[in-house]
Every structure is written in structure tokens, then in C-alpha cells.
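# Notes for the structure review
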Amino acid sequence: MKAGIEHSTDVLVIGSGAAGLTLALKLAKQCRVTVVAKGNLAEGSTYYAQGGIAAVFDEDDTVESHVEDTLIAGAGLCDRQAVQFTAQEARAALEWLIRKGVDFDEEEHDGESRYHLTREGGHSHRRILHAADATGKEVQLTLEEQAHRHPNIALLERYNAVDLITTTKLGLAGDKRVVGAYVWNRSQEHVETIRARFVVLATGGASKVYQYTSNPDVASGDGIAMAWRAGCRVANMEFNQFHPTCLYHTEARNFLLTEALRGEGALLKRPDGSRFMPDFDPREELAPRDVVARAIDFEMKRLGADCMFLDISHKDPAFVTKHFPTIYQRCLDLGIDITRQPIPVVPAAHYTCGGVMTDLDGKTDIDGLYAVGEVAYTGLHGANRMASNSLLECLVFARAAARSIFAQLDSTELLDTIPDWDESQVTDSDEHVVIAHNWHELRLFMWDYVGIVRTDKRLQRALRRVEMLKTEIHDYYSDFKISNDLLELRNLVQIAELIIRCAMSRKESRGLHYTLDYPEQQPEPTPSILTPDP
Ligand SMILES: Cc1cc2nc3c(=O)[nH]c(=O)nc-3n(C[C@H](O)[C@H](O)[C@H](O)COP(=O)(O)OP(=O)(O)OC[C@H]3O[C@@H](n4cnc5c(N)ncnc54)[C@H](O)[C@@H]3O)c2cc1C
């Protein structure tokens, strides 16, 4: 086992999705940036985003309207300043992406070419720029290509950040400041140290804490757990968005069916072919995601059905295949021709609205530490994220964080040395079954007790189990050498606890948090903020 490998950089970016790569590219002219990613660079939610990115491009649309729609979707819990800031900065952020080479779909209008804007749930205008139904892939691959070409950006794949290193942890005097991170080199199976003047968490969300999720495997909330352990506040962890329509098929693990399908006229149906959304909300299929997810959950439980159905077969097949080529092909491969048949769907954990608390520059509670993208709680989403605002948040806040870091670069020193990771007390595990079992148990009770519909009793039950698992996993972590599964499990159990504690503190139903014990809303909404013990 090697020890003592140390890297140094100006800015360490943990995560290579839209947030991490945007920030790296914005800073690389001025300083050295190191980006670490748990798997391949592309393996994150960004790559899988289908629908698009919201910004005001239509002349009939306004920033005020984007703000109002976001505030309504957020169910009274958005931070107005964060919403205003994001909507205002949106167009410039998108234009930057376009300059980097992202190829959004265009259409002919009065002999001129302009961006094709689609519409999604909660938006009162067409304002979603997209690249067919694979927007995330286009964004991710374009940013990666740019990052690969940049001499000031070092890209380290298959490196898991394990924990942040702060001055306090090292016993140094003065205000707590982040000075680097320990990272596990998955290929070589040893822990290395990265010293940095600034560290940015761009690790994405935590939806993997649930049994069913639309997210890729890397979405285990590592950044939120690391920040919490280092001493940052987190907020609004009870607001998990469940995407209403993931493909229900034994051979496809939660393939997502973009909301744009409903935007373009797809209808939700029971197994007998009857529609049900008109019974739940006047906006019908265009109601916000939480309303649609709860309606599907309700109908499934009421009828004892395994799934509901999404039907776009009444539309012109040429329109369907042109606008949704990826979905069309994926379903066809599984024997479902969406131009002729309805698609079986179930809800799945999709987006983490809460996270590490930051200001409008992406700054956390610890000096030098930033959090950008799905890992962060900026106040933009409130109690519910509006579709296509999340990639936008990655871009807008990465640009703001880059400006903030740039302004402090000259006045911030790199720490000379950091002690190596100590592995002298641990041995190889002889009981991998413990990890596998705890993984399964955690994600299942989170689904059953802390899912789409909650009660006090279910939350208490879940908390008791989390406390037990936490102790067991902590003991295991102290005794055995680390692995990807162990690192993720340690983080996920922490995430589960944060979600449950936030959910228990909210004595109302609001946005994505729905509890049978408190079906009404409180008159004065406040975010649920958790502060770690000093
Ligand atoms: C199927 C799907 C469809 C979506 N569609 C849309 C859409 O149409 N529009 C929209 O706005 N949003 C959409 N979203 C949400 C959006 O894609 C995400 O919120 C956004 O991409 C998050 O970007 P990010 O940069 O914060 O994180 P990600 O893109 O998830 O990247 C996270 C990065 O962090 C790395 N990482 C994590 N932990 C560690 C660690 N411990 N050490 C090192 N690296 C680590 C990962 O390897 C990865 O590189 C969708 C999400 C999904 C899953």
C-alpha cells in the first residue's frame, strides 16, 4: 500500500458535472485547477439530463415571469434573492455555454433561425433550451472536451474524495479554513492528499439514498456528508424530488422519461386506459412534479398496480421520433413502440433540493470552501425544484463562485504540508456482506418510510434504524480498509439522518414534503436548517 502521495493545486474541484467543469473552465485562465471524479468524467447526473435548461430567450417572456414561476413551484420557501439572481444571470450563462460549443436545437421562424424553446411543468412560457432529448450529454461532452484541452486543468478520474481537511482538524489556530482533501485512488487502492487554496464541492445530489432513483450511481451525497462532517450547516434536506415518470421495466434500471413528453401532450393513464390527472389538479399533466408523483403513487396504491402509463401515441409518429429520439430508441429496444403504445411508468427519487448552505457566491460556512450545483442549498428551489432550473443553477453559481475565488486568489496561501492519511490501524475486510446488507436495508427503509408520503411514526422508525446503522458502519469504517461501497454507505447513512431530521422538524406539508400527520401548511414558511455539533 502506497502512502505519502501528495498533489498541490490552487483550486480543487470535487466533481466533473456541469457545476464542476463550468467552474474549472472559468478559473483555468487565472490558476491551476484539479478536478477529481469518482468514476469516469461523464458519470454524473449532468450526462443524463434530457429536458434542457431554462432561460428567458423568447421576446414575449420576461425574467420576472421566470422568477414568479420558480417562486410558485418552490411553494413559498424559495429565497427571492437567489431566484432573482439566477433568472437574471441565466441568459449570460447559456450564452457562455453556446460560445463553448454547446449545440442547442434551433428552428426556422420567418426565414430566420432561432433557438427552439420547449415548455415544462410549472413554466408559464416556452423557455427551455435543449439539444433534442439529450441536453445533458451535449453539455457534459462539450465541457469535457474544453477541459481536456486546457493546460491548467488536471483531470483525475476514479478518485473518491473521502474527507475535507481543515485547519481546525490539523489543530491550527485561527478561523476554520479548508486546506485540501484526502482522496482515494480507486485504481491503485490508496489514499492520497491534495493540498489546495480553495476547495469546491460539485458532487451532485443524494438520490441514491432511495431504493428507486433516476440518478447514476455516483449520486450518494458525498459532498453534503463531507461538508457536514467538516462543520457546515445543511438545509432543506426533506425536499427530495421524485420524478413522476421513470420507465418501469425489469431490464431498464429507472430510465427517465422527460417531462417534455407531457409538455408536448403525453397523457397519464391508468392500466384501463382512463386519465387520472384531471381528478387531481386543474393543470392536469402539466402540474408540478410533486403533484404528479403523488397522484401516480396514490393511484398505484389505490389500485394495487405496479405502474401507471404515459401515452404519446396519439401524436404524429414523425413528431415523436424527431423530438424524443433517445426515448423512442431506448423503449423500442425493450419492445415498446411509443408511437403506438403507452409507456409503463413509476416515480423514482430524482433531485435533492436541499444541501450545503451557501450564499450567492457559492460560499459555505468554512473559509475557502464552496459548494455548487445539486450539492448546494442556495435557496433557489425552496420546497420544490422547477424543471430545468437545476442545470441552470450549476452554471450560474459556478460562474459566481469562480468570480469570488478569483478575487481572493492573490491573498490566499497554500498550506506547506498536511499529514498523510493514517491507515496503520485498519485491515482488509473479511465481512463484505455487512456492507451489502446495510446498503440494501438503508435504501429500502428510506423508500418505505421517508418516501413520497410520510408520517411521524414512519420517520421515527427510520431514525431508530439509521442510528443503529450509523454505529455499525462507523465501527466498520474504523476497522477496515476503505472501498467505494464503504465510502458511499458511510455518506448515505449520514444523508439519511439529515433527511429524516429535517423532515421531523417540518410540522406541515409543503412542496415535496408531504406528511399525513400535518396535511396543512404553516403560515410562516422557514427553511429547515441543521447545524453540526462544534
Ligand atoms: C435522468 C436525469 C434527468 C435530468 N434532467 C434535467 C433537465 O432536463 N434539466 C435540468 O436542469 N436538470 C435535470 N436533471 C438534474 C440535473 O441533471 C442535475 O441536477 C445536475 O446535472 C447536477 O449537476 P452537478 O454538476 O451538480 O452534479 P453531477 O452532474 O451529478 O456530477 C457530480 C460529480 O461529482 C462526482 N463525485 C461525487 N462524489 C464524489 C466524490 N466523493 N469524490 C469525487 N467525485 C465525486 C461525480 O463523479 C460527478 O463527476 C436531471 C437529472 C437526472 C438524473
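Being a predicted model, the structure only gives us computed values, none of them experimental.

### Quick look at a negative patch on the surface
- Negative charge collects at one region of the surface, where D103, E106, E108, D110 and E112 lie side by side.
- Locating E106 in the fold gives a position in strand 4 (residues 106-109).
- Its relative accessible area of 46% is what places E106 among the partly exposed residues.

### Digging into the side chain of R262
- Residue position: R262 is located in helix 7 (residues 260-263).
- You can call R262 buried: its relative accessible area is 3%.
- If near-sequence neighbours (up to four positions away) are discounted, R262 is found in contact with P244, T245, L268, E285, L286, A287, V292 and L310.

### With respect to the sheet that holds strand 7 (residues 128-129)
- Strand order in the open sheet formed by 3 strands is 3-7-6, with antiparallel pairing between adjacent strands. Both edges of this open sheet fall to strand 3 (53-54) and strand 6 (117-118), since each of them pairs with a single strand only.
- Two elements, strand 6 and strand 7, share 2 bridges in a ladder whose sense is antiparallel. What sits directly across from L117, in strand 7, is L129.

### Considerations on the environment of Q521
- Tracing the chain through its elements places Q521 in the loop between helix 14 (484-505) and strand 20 (529-530).
- Sequence-wise, Q521 and A161 are 360 residues apart; in three dimensions their C-alpha atoms are separated by 39 Å.
- Ignoring sequence-local partners within four residues, the contact set of Q521 consists of E508, S509 and R510.
- Of note is the side chain of Q521, whose polar atom sits 3.3 Å from the side chain of R510.

### Re the UniProt feature "domain: FAD-dependent oxidoreductase 2 FAD-binding" (unreviewed entry) in the protein
- The UniProt record marks residues 10-391 with the feature "domain: FAD-dependent oxidoreductase 2 FAD-binding" (unreviewed entry), using the residue numbering of this structure.
- Annotated as 28% helix and 24% strand, the span residues 10-391 places its first and last C-alpha atoms 25 Å apart.

### Observations concerning the pattern of salt bridges
- Evaluated as defined, the whole model comprises 33 salt bridges.
- The salt bridge partner of D311 is K269, with a shortest N-O separation of 2.9 Å. Highlighted residues: D311 in strand 15 (residues 308-311) and K269 in strand 14 (residues 267-269), separated in sequence by 42 residues. The two residues D311 and K269 agree in class, both being buried.
- Note that D290 and R294 form a salt bridge whose closest N and O atoms lie 3.9 Å from each other. In this pair, D290 and R294 both sit in helix 8 (residues 289-303), 4 residues apart, roughly one turn of the helix.
- With relative accessibility at 10%, the residue D290 sits in the buried group.

### Some points on the side chain of K38
- Tracing the chain through its elements places K38 in the loop between strand 2 (33-36) and helix 2 (45-48).
- A distance of 2.8 Å separates the side chain of K38 from the side chain of S220, its partner in a polar contact.
- Apart from the residues within four sequence positions on either side, K38 is in contact with R158, Y159, N160, R186, V218, S220, D222, N484 and E488.

### Examining the site of the ligand
- What surrounds the ligand is a group of 40 residues, the closest being T46, A161, D222, E374 and S390.
- Taking Q50, its main chain carries an N or O atom lying 3.5 Å from a nitrogen atom of the ligand.
- One of the side-chain nitrogen or oxygen atoms of S390 is found 2.7 Å away from a nitrogen atom of the ligand.

### Side note on the nonpolar core
- Counting residues in each nonpolar core, the largest one holds 72 residues, and the members touching the most others are I14, L164, L201, L442 and M446.
- Viewed by domain, this core spans two of them, domain 1 (6-238 + 353-411) and domain 3 (432-481 + 483-518), each represented by three or more residues.
- Setting aside anything within four residues of it in sequence, one finds I14 in contact with V36, A161, L164, A181, V199, V200, L201, A202 and T203.
- Grouped together as the second largest cluster of nonpolar side chains are 47 residues, F57, A93, L129 and C394 included.

### Observations concerning the state of the cysteines
- This model, assessed by the stated rule, comprises 0 disulfides.
- The thiol of C307 is unpaired, and the distance to the nearest cysteine sulfur, on C331, comes to 12 Å.
- For C307, a relative accessible area of 9% puts it in the buried group.
- Its sulfur unpaired, C353 is 9.1 Å from the next cysteine sulfur, which belongs to C78.
- Looking at C353, the relative accessible area reads 2%, which means it is buried.

Quick notes on the rules
- Residues numbered from 1 in each chain as written.
- Predicted model: local features only at pLDDT ≥ 70, side-chain atom pairs only at ≥ 80, totals over all residues.
- Heavy atoms only, no water.
- Patch = residues over 30% accessible without salt bridge, like charges linked within 9 Å, V, L, I, M, F, W, Y side chains within 5 Å.
- Areas by Shrake-Rupley, 256 points an atom, 1.4 Å probe, with all protein chains shown as cover.
- Salt bridge = Lys/Arg side-chain N within 4 Å of Asp/Glu carboxyl O.
- Lys, Arg positive; Asp, Glu negative; His and termini not counted.
- Charge placed at Lys NZ, Arg CZ, Asp CG, Glu CD.
- Helix = DSSP H or I, 4+ residues; strand = E, 2+ residues; numbered from the N terminus.
- Buried < 20%, exposed > 50% of the residue type's maximum accessible area, 1.4 Å probe, protein only.
- Contact = heavy atoms within 4.5 Å.
- Pairing = 2+ DSSP bridges.
- Polar contact = N/O pair within 3.5 Å; in protein donor to acceptor, adjacent residues only side chain to side chain.
- UniProt positions renumbered as here; feature names shortened; annotations may be inferred.
- Near = heavy atom within 4 Å.
- Core = buried A, V, L, I, M, F, W, Y, C linked by side-chain atoms within 4.5 Å.
- Domains from an automatic or database assignment.
- Disulfide = S-S within 2.5 Å.

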